[in-house]
Amino acid sequence: IRLENDLRKGLERDEFRLLYQPQVRADDGTIVGLEALIRWQHPEHGVVSPAQFIPVAEDSGLIVAIGDWVLRTACRQLCSWQATGLETPRVAVNVSARQLRAHDFLGSVAAIIAETGIEPGQVELELTESILMEPEARRIDGFHRLRALGVHFSIDDFGTGYSSLSYVKRFPIGMLKIDQSFVRGLPGNADDAGITTAIIAMAHSLGLEVIAEGVETRAQLDFLRRANCQKIQGYLFSRPRPPDEVEQLLRQGSIRP
Ligand code: G
Ligand code: G
Ligand code: MN
Ligand code: NA
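About the thresholds
Residues numbered from 1 in each chain as written. Chains lettered and ligands numbered in written order. Predicted model: local features only at pLDDT ≥ 70, side-chain atom pairs only at ≥ 80, totals over all residues. Heavy atoms only, no water. Axes fitted to C-alpha atoms, helices over the stretch in contact; angles between N-to-C directions. Helix = DSSP H or I, 4+ residues; strand = E, 2+ residues; numbered from the N terminus. Parallel < 35°, antiparallel > 145°, perpendicular 65-115°, else oblique. Left-handed = near helix turned anticlockwise from the far one by under 90°. Contact = heavy atoms within 4.5 Å. Donors = N, O, S within 2.8 Å, 3.2 Å for Na, K, Ca; no water. Buried < 20%, exposed > 50% of the residue type's maximum accessible area, 1.4 Å probe, protein only. Near = heavy atom within 4 Å. Polar contact = N/O pair within 3.5 Å; in protein donor to acceptor, adjacent residues only side chain to side chain. 1 Å grid on protein atoms, 1.4 Å probe; cavity = no way out; pocket = protein on both sides within 12 Å on 5 of 7 lines; lining within 4 Å. Sits in = over half its atoms within 2 Å of the grid points. Nonpolar A, V, L, I, M, F, W, Y, C, P; charged D, E, K, R; others polar.

Draft legend 1. Summary view of the packing of helix H3 (residues 63-83) against helix H5 (residues 105-116). At a minimum axis separation of 10 Å, H3 and H5 run at an interaxial angle of 30 degrees. In terms of orientation, H3 and H5 fall into the roughly parallel class. Crossing of H3 against H5: the hand is right-handed. Contacts between H3 and H5 involve Asp68, Leu71, Arg72, Cys75, Arg76 and Cys79 on the former and, on the latter, Ser108, Val109, Ile112, Glu115 and Thr116.

Below, the structure written as structure tokens:
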């Protein structure tokens, strides 16, 4: 209850901020996306990880307000970069299951896109497999409406959930994000290497893009390049960074591993 109250106050007092982690092309390091990752600067406890407060936000329903804040802040950031003449890649925002179950989440996405004036094709929503396991027709419609506007959808932490893939047929998914638990064991662990290779091949045969998360070493990158993984995200290229540092990277256009 303490943390819940603090979260509520934190929203009022503007204690949250977004970091952005670049996503790059595997072949030449061109920046092709930014994942927005929330941080909470708590007045007493310092920086609190979303791993700690997102579950509390979900249980209390505050995830709806926080989720709207994240999307609005990310859209505004891209628009303000564009206003200075900077070309921006798309921004990916994490969506929690509870947020999606909340009343008219997809409607609020459309409203925030309209309100901020961002080009819808610059927005990507990261969904988890569990979200897609409980579909209702109305919600699937909502996804297709946003997709028709230009919004992109990806599956986060791919391979850790049910991976039934039947949802790929029903939802307008464009990209799979290979979970970092598989990337960690590359290239030496035979299971991780096999799973990673299989996910990449499967994505390609379904016409989906694929990105590997949590890439930390040159050996992991080399393996993923040979396996034809198109995109990379991880500390090897960049940690999640504050907007002023990301702006410098965007001016460079690409990052060396
Ligand atoms: O950035 P970090 O590795 O600390 O993130 C920890 C977890 O918090 C990850 O699972 C990440 O997806 C999640 N997370 C980070 N930012 C957001 C956000 O804005 N919304 C939601 N729902 N989850 C987030
Ligand atoms: O659940 P999700 O995939 O959204 O979580 C992403 C989390 O992974 C973020 O909290 C981010 O800080 C973290 N992360 C990003 N790149 C790396 C990396 O190369 N290594 C590790 N260990 N964590 C990473
Ligand atoms: Mn994510
Ligand atoms: Na992930």
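Draft legend 2. How the structure looks around the coordination of the sodium ion (ligand 4). Around the sodium ion (ligand 4), the protein supplies Asp156 (OD), Asp157 (OD), Glu213 (OE) and Glu213 (OE) as donor atoms, at distances of 2.1 to 2.7 Å. Written as a sequence motif, the donor residues of the sodium ion (ligand 4) are D-D-x55-E. A separation of 4.2 Å is found between the sodium ion (ligand 4) and the manganese ion (ligand 3), which are bridged by Asp156. One end of the pair, Asp157, is in strand S6 (residues 152-158); the other, Glu213, is in the loop between strand S8 (209-212) and helix H11 (218-226), and 56 residues separate them in sequence. A relative accessible area of 28% places Asp157 in the partly exposed class.

Draft legend 3. Geometry of the site of ligand 2. In the vicinity of ligand 2, 15 residues are found, and the nearest of them are Gln21, Asp156, Glu213, Glu216 and Tyr235. Asn94 places a polar side-chain atom, nitrogen or oxygen, 3.1 Å from an oxygen atom of ligand 2. Note that an oxygen atom of ligand 2 is positioned 2.8 Å from one of the backbone N or O atoms of Tyr235. In this structure the site holding ligand 2 corresponds to the largest pocket. Counting residues per element, the ones that place at least two in the shell around ligand 2 are strand S2 (31-42) and S6. Tallied by class, residues from the shell around ligand 2 come to four nonpolar, five polar and six charged.

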